[in-house]
2 protein chains.
Amino acid sequence: MSQSCISDLVVSRLPLYLRAMDLMIDKGKKSISSHELGKQLGFSSSQIRKDLSQFGEFGKQGTGYDVGYLSEQLRRILNVNHIWDVALVGFGNLGQAVASYSGFIHRGFRIVALYENDPEKVGSKIGDLVIQDISEMVEDIRHRKIKIAMLAVPTSEAQNTAKTLIQAGVRAILSYAPITIAVPNYVRIEYIDPVSRLQQMTYYLE
Amino acid sequence: MSQSCISDLVVSRLPLYLRAMDLMIDKGKKSISSHELGKQLGFSSSQIRKDLSQFGEFGKQGTGYDVGYLSEQLRRILNVNHIWDVALVGFGNLGQAVASYSGFIHRGFRIVALYENDPEKVGSKIGDLVIQDISEMVEDIRHRKIKIAMLAVPTSEAQNTAKTLIQAGVRAILSYAPITIAVPNYVRIEYIDPVSRLQQMTYYLE
DNA sequence: TAGATTGTTAATCGATTAACAATC
DNA sequence: TAGATTGTTAATCGATTAACAATC
């Protein structure tokens, strides 16, 4: 059974299911029905059962889903049952904030490299990490076999930096630049653009 | 013609069209066809024409869309032809980064208030803004008629803070907390969760 | 056992695309 | 005028939901 038959829409919901499971674990809840989970996430129970059934049979009739087991299975499906090394490019305000965010590690990601243009910043230590010059980036990423990068460079440099990252072997990019970046189809790219989300909401205001 | 017949999927693409127009303006490009715009954004030309046609006739046969005019129209449609006042709640690492982000103002948003729990931080000035105690939040937001808030508080406080914001009159929330927040249906909410986006990509890796 | 809830099927609903007459 | 591109229609494609037999 090929993975390619699963819609990206379904995949995009799996992290939300996982998030919810981990919240349940914190609360000490042992099992949950699709109905209850749906209510919590704002999805229909049908949709949750349908989504999960694409990957296996994780529930029990009468009782629902075992929270610990489903969490484990979702981690396996999403490939976050191990920690991924991530590179962060750009250490301006945004890059600094991303670097200091503590929410990555327990959800499967660890920033292991920082690259920056500004010679003033290169060489500084942030926790255990030294900010490296961007000229070392390709060799370093290739050598360390880093596959995921977060992009926090200025918009004008985003496309070129992405290209360089891909040449170095990166296969997934999370970009904070408010611009669409062209990548080959063997590379995944996702965007974080808070302003677009705000504009989406103002459409409905007033 | 009621707005309610327009899908949120369509609305979510409008900010991307606007972003692209503004990039064109910077580049000095005067007009663009749906085909060229689609290529740039990774959408089909049909989809772009269909989306835009829901709001009016903005193009010209033979030449495509006038960049300046379409930009203006999209701003009008999205209600960002004026600047919205925005409140930011939570001034930890994340809140500080959001506050220092310079990309809001020229896309329609201005942070006009900062609220924080920590008495150590309350009273400090950030640019022109004073960090206010969260206890002043409801009265202040109500008085200033602020309708949009960004939520950068710890996960455990997100739901309650959102509730308070809504009581104060906020009608759109951009939440950075990795949790689904329940809101009444007259309130819009969007989420920024970089880790979910990363997990969505690792599904396809290896 | 009786009640609850799953996984799955078929029906519905909605979104995308292909095609083309209209026209700049 | 001839070429290009729109706005729109109809066809296709895909996603969501309702319903229910199976079963814990």
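Residues numbered from 1 in each chain as written. Chains lettered and ligands numbered in written order. Predicted model: local features only at pLDDT ≥ 70, side-chain atom pairs only at ≥ 80, totals over all residues. Heavy atoms only, no water.

Comments concerning the sheet that holds strand E3 (residues 64-66) of chain B
Residue and element names in this part refer to chain B. The strand order across the open sheet formed by 3 strands is E1-E3-E2, and the pairing between neighbours is antiparallel. Edge positions in the open sheet fall to strand E1 (31-32) and strand E2 (59-60), since each of these has one partner strand only. Judged from the 2 bridges that link them, E1 and E3 form a sheet pairing that is antiparallel. Each residue of the ladder has a partner; that of Ser31, found in E3, is Asp66. (Pairing = 2+ DSSP bridges. Helix = DSSP H or I, 4+ residues; strand = E, 2+ residues; numbered from the N terminus.)

Focus on the relation of the copies chain B and chain A
Screw-axis analysis of chain B against chain A gives a translation of 0.0 Å along the axis, an RMSD of 0.0 Å, and a rotation angle of 180 degrees. As the rotation angle and translation indicate, the two copies are arranged about a two-fold axis. Within chain B, the C-alpha atom positioned nearest to the axis of rotation is that of B:Ala97, 2.8 Å from it. By residue overlap, the copies meet face to face through one surface: 100% of the interface positions of chain B are interface positions in chain A. (Least-squares fit on C-alpha atoms with pLDDT ≥ 70 in both. Contact = heavy atoms within 4.5 Å.)

With respect to the pairing of strand E7 (residues 129-133) of chain A
Residues and elements named next belong to chain A. As paired elements, strand E5 (residues 109-116) and E7 share 3 bridges and run parallel to each other. Paired with Glu116 across the two strands is Asp133, which belongs to E7. Judged from the 2 bridges that link them, strand E6 (residues 125-126) and E7 form a sheet pairing that is antiparallel. The residue bridging Lys125 from the neighbouring strand is Val130, located in E7. Counting the residues between successive antiparallel strands, the hairpin from E6 to E7 contains 2 residues, one of them, Gly127, with a positive phi of roughly 60 degrees.

Overview of the pairing of strand E9 (residues 172-175) of chain B
Looking down a regular strand, the side chains alternate between one sheet face and the other. Residues and elements named next belong to chain B. On E9, burial covers both faces: Ala172 and Leu174 on one face and Ile173 and Ser175 on the other are all buried. Relative to E9, strand E8 (residues 148-151) is paired through 4 bridges, and the arrangement is parallel. If you follow Leu151 over to E9, its bridge partner there is Ser175. Handedness of the crossover joining E8 and E9 through helix H7 (residues 155-167) is recorded here as right-handed. As defined by bridge partners, E9 adjoins strand E10 (residues 188-191) across 4 bridges and the pair is classed as parallel. Within E10, the residue paired with Ser175 across the bridge is Tyr191. (Buried < 20%, exposed > 50% of the residue type's maximum accessible area, 1.4 Å probe, protein only. Right-handed = clockwise from strand over helix to strand, strands pointing away.)

Thoughts on the protein's contact with DNA strand C
Taken together, 25 residues form the shell around DNA strand C, and within it A:Ser34, A:Gly59, A:Tyr65, B:Ser44 and B:Ser46 come nearest. The contact atoms of DNA strand C, taken as those within 4 Å of the protein, divide so that sugar and phosphate hold 58%. Measuring from a phosphate oxygen of DNA strand C, one finds a side-chain N or O atom of A:Tyr65 at 2.5 Å. Contact distances for DNA strand C include 3.1 Å between a base nitrogen and a side-chain N or O atom of B:Arg49. Looking at which element gives the most residues to the surface near DNA strand C, the answer is helix H3 (residues 45-53) of chain B, with 4 residues. Across the surface near DNA strand C, the residue classes break down as 3 nonpolar, 14 polar and 8 charged. (Near = heavy atom within 4 Å. Polar contact = N/O pair within 3.5 Å; in protein donor to acceptor, adjacent residues only side chain to side chain. Nonpolar A, V, L, I, M, F, W, Y, C, P; charged D, E, K, R; others polar.)

Here we look at the sheet that holds strand E5 (residues 109-116) of chain B
Each strand in a sheet pairs with another by means of backbone hydrogen bonds, the pair being arranged parallel or else antiparallel. Residues and elements named next belong to chain B. A sheet is described by the order of its strands in space; here 7 strands give the open sequence E6-E7-E5-E4-E8-E9-E10, paired in mixed fashion. Looking at the sheet topology across the chains shown, the edges are occupied by strand E6 (125-126) and E10. Each of strand E4 (84-89), E5 and strand E7 (129-133) is contacted by helix H6 (residues 137-144), which is oriented at about 160 degrees to E5, the strand it contacts most. Lying over the sheet, H7 contacts E4, E8 and E9, oriented at roughly 170 degrees with respect to E8. (Axes fitted to C-alpha atoms, helices over the stretch in contact; angles between N-to-C directions.)

Notes on the protein's contact with DNA strand D
The local shell around DNA strand D holds 25 residues, among which A:Ser44, B:Ser34, B:Arg49, B:Gly59 and B:Tyr65 are the closest. Near-protein atoms of DNA strand D (within 4 Å) split between backbone and bases, with sugar and phosphate holding 58%. Contact distances for DNA strand D include 3.1 Å between a phosphate oxygen and a side-chain N or O atom of A:Ser7. Where the surface near DNA strand D is concerned, the elements lending two or more residues are helix H1 (8-27) and helix H3 (45-53) of chain A together with H3, E2 and E3 of chain B. It is H3(A) that contributes the most residues to the surface near DNA strand D, 4 residues altogether. Grouping the constituent residues of the surface near DNA strand D by class yields 3 nonpolar, 14 polar and 8 charged.

A closer look at the interface of chain B and chain A
On the side of chain A, 56 residues touch chain B, which itself brings 56 residues to the contact. Summed over both partners, the interface of chain B with chain A comes to about 5,600 Å²; 64% of that surface belongs to carbon and sulfur atoms. A salt bridge links B:Asp193 to A:Arg107; its shortest N-O distance comes to 2.9 Å. At the surface where chain B touches chain A, the tally comes to 25 residue pairs in polar contact (both at pLDDT 80 or more). Contributions of two or more residues to the side of chain B that touches chain A are made by helix H1 (8-27), helix H2 (34-41), helix H5 (93-100), E8, E9, E10 and helix H8 (194-202) of chain B. The element that contributes the greatest number of residues to the side of chain B that touches chain A is H8(B), accounting for 9 residues. Considered class by class, the residues forming the side of chain B that touches chain A number 34 nonpolar, 13 polar and 9 charged. (Buried area = accessible area lost by both parts, 1.4 Å probe. Salt bridge = Lys/Arg side-chain N within 4 Å of Asp/Glu carboxyl O.)

Examining the packing of H1(B) against helix H4 (residues 67-77) of chain B
Residue and element names in this part refer to chain B. Taken N-terminus to C-terminus, the directions of H1 and H4 make an angle of 145 degrees; their axes are 9 Å apart at the nearest point. The chirality of how H1 crosses H4 is left-handed. Contacts between H1 and H4 involve Leu14, Tyr17, Leu18, Met21, Asp22, Met24 and Ile25 from the first element and Val67, Gly68, Leu70, Ser71, Leu74, Arg75 and Ile77 from the second. The class makeup of the residues in the contact of H1 with H4 is 10 nonpolar, 2 polar and 2 charged. (Left-handed = near helix turned anticlockwise from the far one by under 90°.)

Details of the pattern of salt bridges
For the structure shown, the criterion picks out 18 salt bridges over all chains. Its salt-bridge partner being B:Asp193, residue A:Arg19 comes within 2.9 Å of it at the nearest N-O pair. Pair noted here: A:Arg19 is in helix H1 and B:Asp193 is in the loop between E10 and H8, and the two residues belong to different chains. Note on A:Arg19: relative accessible area 11%, which makes it buried. For B:Asp193, a relative accessible area of 5% puts it in the buried group. Beyond isolated ion pairs, a larger network of salt bridges with shared partners links A:Arg19, A:Arg107 and B:Asp193.

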